[in-house]
Amino acid sequence: MITKRKLIDIVKNSKLIYLTYYYLISPILSIAGLFIKAQKMECLFVCYGGRKYGDNVRPIYLQMLMDTRFRNWKFIWAFRDPNEFELPDKIRTKKVKIDYLEFFYYALRAKCWITNVSVQRGLSFKNRGTLYVNTWHGVPLKRIRCCVKDGFNVRTAEKFDLIFSEGTYDSKISVPAFQVKEKQIKITGYPRNDIMFDESLDLNKKVRRKYGLHDERIVLYAPTFRDYIKNDSGGFTFQKKLSPEKFQNTLGDQYKLLVRAHGAIEDHSTSDSSCVDVSDYPDVEDLLVAADILVSDYSGIIFDFSLLEKPIICFIYDLETYKKERGFFVDIEHFLPFKKCNTEEELYDAIKNIDIEESRNQARLFQKQCGLVKKGAAKNAVNEIYLALASQFK
């Protein structure tokens, strides 16, 4: 029996099947949209295709709940499994199952869509009266969407009305990547990062308690995915280029390795007791606050962690391959001011010889270079949404 997940993979990985799906279903939904008009006070939220309740989407939702300008609004969250998530509001908020008729009904009637990837499920059916907001889910070093080789197609050419960026760097990239005009991009900062500066939450203690950690120096290894390396079913695989056992033997018990696979990788399990797999931990922001050192590569997590002004090491063992297969918006070796390593030996040596003050200066330089917004992003985003909606109603 073919599962829904397998069916989605078949549609995504076969150009012929995908185009058939697109050109058959999109017109049907568009015709339905002629009869189901967009309402003035309903907002639909979709995070990572319904897999999660978090990232930049959740803090915007929470801010809208508190904002008196949206006191009469109703909110709809779409999930793969609605029973998996408990929402803070049950009066004004409704959960629906993504890809089911109820989802498409509410999508057609919602006045506002907010997502960090996409709402349309690879289709095109947005009502003319709907405001389509994309927060995105990470500042890109690697090429994305329409800037990827052969990337411009019906799936990537969605017509977003608003794109939120973390700073001036990614706002410039958004123009070609999303095929939008500069005025559609708003530099708000990333709402998900606001929580990192709320000291009352003590996120460091929360993470350490969960994983039984004490005074160890936490090294968070969080690389991006390689879309040119897949398993037999077409899914992305986690490249274990850093050996947890070698890490522990080299650095000792005063360090603890936390490993987080990219969200696009669903099979990331590890049986190695030398590290802690935190890939399923719901909020990466908690992990960033708890981490003493970040080891990454070409992931947008570098931008978020730089706001905390802690040490960053770039483990770029496959730079030339990645450059050839995926490509970058910038010259990685010159753009990133952080320590770069090509081998495990270089990486462990860099960890042992970290200069905290130098690392802080590197992070501050990077923040300035990219024009990053540090705090208040959720309020900034909600204000931009309100202004865009208000201009529509005129």
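Within any chain, residue numbers begin from 1 and follow the written order of that chain's sequence. With the structure being a predicted model, the display of local features is reserved for residues of pLDDT at least 70 and the display and counting of side-chain atom pairs for 80 or more, all residues being used for whole-chain, interface and lining totals. To obtain the side-chain values, all non-hydrogen atoms of the structure were used and water was disregarded.

A. Examining the packing of aromatic side chains more closely. Two rings from Phe, Tyr or Trp (for Trp, the six-membered ring) form a pair when their centres are within 6.5 Å of each other. A pair whose planes differ by under 30 degrees is stacked, one over 60 is edge-to-face, and the rest are tilted. All chains considered together, the criterion is met by 35 aromatic pairs. Taken together, a centroid distance of 6.4 Å and an interplanar angle of 70° make the contact between tyrosine 53 and tyrosine 61 edge-to-face. In this structure, tyrosine 53 and tyrosine 61 share a single accessibility class: buried. Here tyrosine 105 and tyrosine 106 contribute two aromatic rings whose centre-to-centre distance is 5.1 Å and whose plane-to-plane angle is 75°, an arrangement assigned as edge-to-face. Every member of this aromatic cluster is reached through a ring pair, and the members are Phe103, Phe104, Trp113, Phe125, Tyr132, Trp136, Phe160 and Phe178. Residue burial is assigned from relative accessible area. The probe radius is 1.4 Å, only protein chains are included, and a residue is buried under 20% of its type maximum, exposed over 50%, and partly exposed in between.

B. Up close: the pattern of salt bridges. Salt bridge, as used here: a side-chain nitrogen of Lys or Arg that lies within 4 Å of a carboxyl oxygen of Asp or Glu. If you walk through the whole model with that rule in mind, you get 20 salt bridges. Note that aspartate 99 is salt-bridged to arginine 121, the shortest N-O span being 2.7 Å. Here aspartate 99, found in the loop between strand 3 (93-97) and helix 4 (101-109), pairs with arginine 121, found in the loop between strand 4 (112-115) and strand 5 (131-134); they are 22 residues apart in sequence, far enough to count as distant. Here glutamate 309 ties to arginine 364 by a salt bridge, and the two come within 3.0 Å at their closest N and O atoms. Separated by 55 residues along the polypeptide, glutamate 309 in the loop between helix 9 (301-306) and strand 12 (312-315) and arginine 364 in helix 13 (residues 356-370) bring together distant segments of the chain. We count a stretch as a helix when DSSP gives it H or I for four or more residues in a row; a strand needs E for two or more, and each element gets its number in order from the N terminus.

C. Region of interest: the layout of surface pockets. The distinction between a cavity and a pocket rests on a 1 Å grid over the protein atoms alone: a 1.4 Å probe fits inside a cavity but cannot get out, while a pocket stays open yet meets protein on both sides within 12 Å along at least five of seven lines, and a residue with an atom within 4 Å of a point counts as lining. Grid points are joined across faces, edges and corners, and a volume is the space filled by probe spheres set on the points. The volume enclosed by the second largest pocket comes to roughly 300 Å³. Lining the second largest pocket are 16 residues, and of these Arg58, Pro59, Leu62, Pro191 and Ile195 sit closest to its centre.

D. Expanded view of the packing of helix 7 (residues 244-251) against helix 12 (residues 344-352). For helices, the fitted line uses only the C-alpha atoms of the stretch in contact; every axis is such a line through C-alpha atoms, and the angle between N-to-C directions lies from 0 to 180 degrees. Interaxial distance between helix 7 and helix 12 falls to 11 Å at its minimum, and their mutual angle equals 40°. Relative to helix 12, helix 7 is oriented oblique. When the axes of helix 7 and helix 12 are compared, the crossing they make is right-handed. Along the contact surface, helix 7 presents Lys246, Phe247, Thr250 and Leu251, while helix 12 presents Glu344, Glu345, Tyr348, Ile351 and Lys352. Taken together, the residues of the contact of helix 7 with helix 12 break down into four nonpolar, one polar and four charged. Small angles under 35 degrees read as roughly parallel and large ones over 145 as roughly antiparallel, with 65 to 115 read as roughly perpendicular and the rest as oblique. Handedness of a crossing follows from how the near helix is turned relative to the far one, being left-handed for an anticlockwise turn of less than a right angle and right-handed for a clockwise one. In what follows, residue pairs with any heavy atoms lying within 4.5 Å of each other are defined as contacts. Classification used: nonpolar for Ala, Val, Leu, Ile, Met, Phe, Trp, Tyr, Cys and Pro, charged for Asp, Glu, Lys and Arg, polar for all others including Gly.

E. Expanded view of the sheet that holds strand 6 (residues 162-165). Strand order across the open sheet formed by seven strands is 3-2-1-4-5-6-7, with parallel pairing between neighbours. In this open sheet, the two strands that pair with only one neighbour each are strand 3 and strand 7 (185-187). Between one strand axis and the next, the sheet turns through 20° on average, direction left out of account. Two strands make a pair as long as DSSP finds a minimum of two bridges between them. Looking at chain direction, strand 4 and strand 5 are connected through four bridges and run parallel.

F. Representation of the side chain of aspartate 89 in the model. With respect to the helices and strands, the residue aspartate 89 is situated in the loop between strand 2 (74-79) and strand 3. It turns out aspartate 89 is buried and unbridged, and the closest side chain with the opposite charge, arginine 92, is 5.4 Å from it. The residues contacting aspartate 89, other than those within four sequence positions of it, are Tyr61 and Leu65. Residues scored as positive are Lys and Arg, those scored as negative are Asp and Glu, and His as well as the terminal groups of each chain are ignored.

G. Inspection of the pairing of strand 1 (residues 42-46) at higher detail. For strand 1, the buried fraction is high: five of the five residues fall into the buried class. Residues Glu42, Leu44 and Val46 of strand 1 are buried on one face, and the alternating residues Cys43 and Phe45, pointing to the opposite face, are buried as well. Two strands pair when backbone bridges link them, and strand 1 and strand 2 are joined in this way by five bridges, in the parallel orientation. Pairing of cysteine 43 across the sheet is with phenylalanine 75, part of strand 2. In this structure, strand 1 lies alongside strand 4, joined through four bridges in parallel fashion. Bridging across to strand 4, leucine 44 finds its partner in tryptophan 113.

H. Inspection of the pairing of strand 6 at higher detail. A two-sided burial pattern is seen for strand 6, the buried positions comprising Leu162 and Phe164 on one face and Ile163 and Ser165 on the other. Alignment of strand 5 against strand 6, held across two bridges, turns out to be parallel. Residue pairing for strand 6: valine 133 is matched across the bridge by leucine 162. Note that strand 6 and strand 7 share three bridges and pair parallel. Residue serine 165 lies in a different strand from strand 7, and its bridge partner there is isoleucine 187. Classification remark: right-handed applies to a crossover when, strands pointing away from the viewer, the course from the first strand over the helix to the second runs clockwise. The parallel pair strand 6 and strand 7 is bridged by helix 5 (residues 168-178), and the resulting crossover is right-handed.

I. View of helix 13. The terminal C-alpha atoms of helix 13, which comprises 15 residues, lie 21 Å apart, in line with the 21 Å expected from a rise of 1.5 Å per residue. Looking only at helix 13, the buried set comprises Ser359, Gln362, Ala363, Phe366, Gln367 and Cys370. Axial view of helix 13: buried residues confined to an arc of 135°, hence all on one face. Buried positions along helix 13 lie against helix 5, helix 9, helix 11 (332-335) and strand 13 (339-341). The first or second residue beyond helix 13 is glycine 371, which carries a positive phi of 60°. Under the convention used throughout, the expected extent of a helix is 1.5 Å for every residue step, that is, one less than its residue count. The directions considered for the arc are those from the helix axis to the C-beta atoms.

J. Summary view of the nonpolar core. Of all hydrophobic cores here, the largest spans 68 residues; its most connected members are Leu44, Phe103, Leu220, Ile302, Phe303 and Leu336. Top element by residues in this core is helix 4. It accounts for five residues. Apart from the residues lying within four places of it in its own chain, the contact partners of leucine 336 are Leu141, Asp297, Ile302, Cys314 and Phe366. We call a set of buried Ala, Val, Leu, Ile, Met, Phe, Trp, Tyr and Cys residues a nonpolar core when their side-chain atoms join them within 4.5 Å.

K. Quick look at a nonpolar patch on the surface. Residues qualify for a patch when their relative accessible area is over 30% and they have no salt bridge, like charges being joined within 9 Å and the nonpolar side chains of Val, Leu, Ile, Met, Phe, Trp and Tyr within 5 Å. Surface accessibility in these figures is a Shrake-Rupley result with a 1.4 Å probe; residues are shielded only by whichever protein chains are displayed. Together, Leu7, Ile10 and Ile17 give the surface a local cluster of nonpolar side chains, amounting to about 230 Å² of exposed area. On the secondary structure map, isoleucine 10 appears in helix 1 (residues 4-13). Of the residues examined, isoleucine 10 reaches a relative accessible area of 31% and is grouped as partly exposed.

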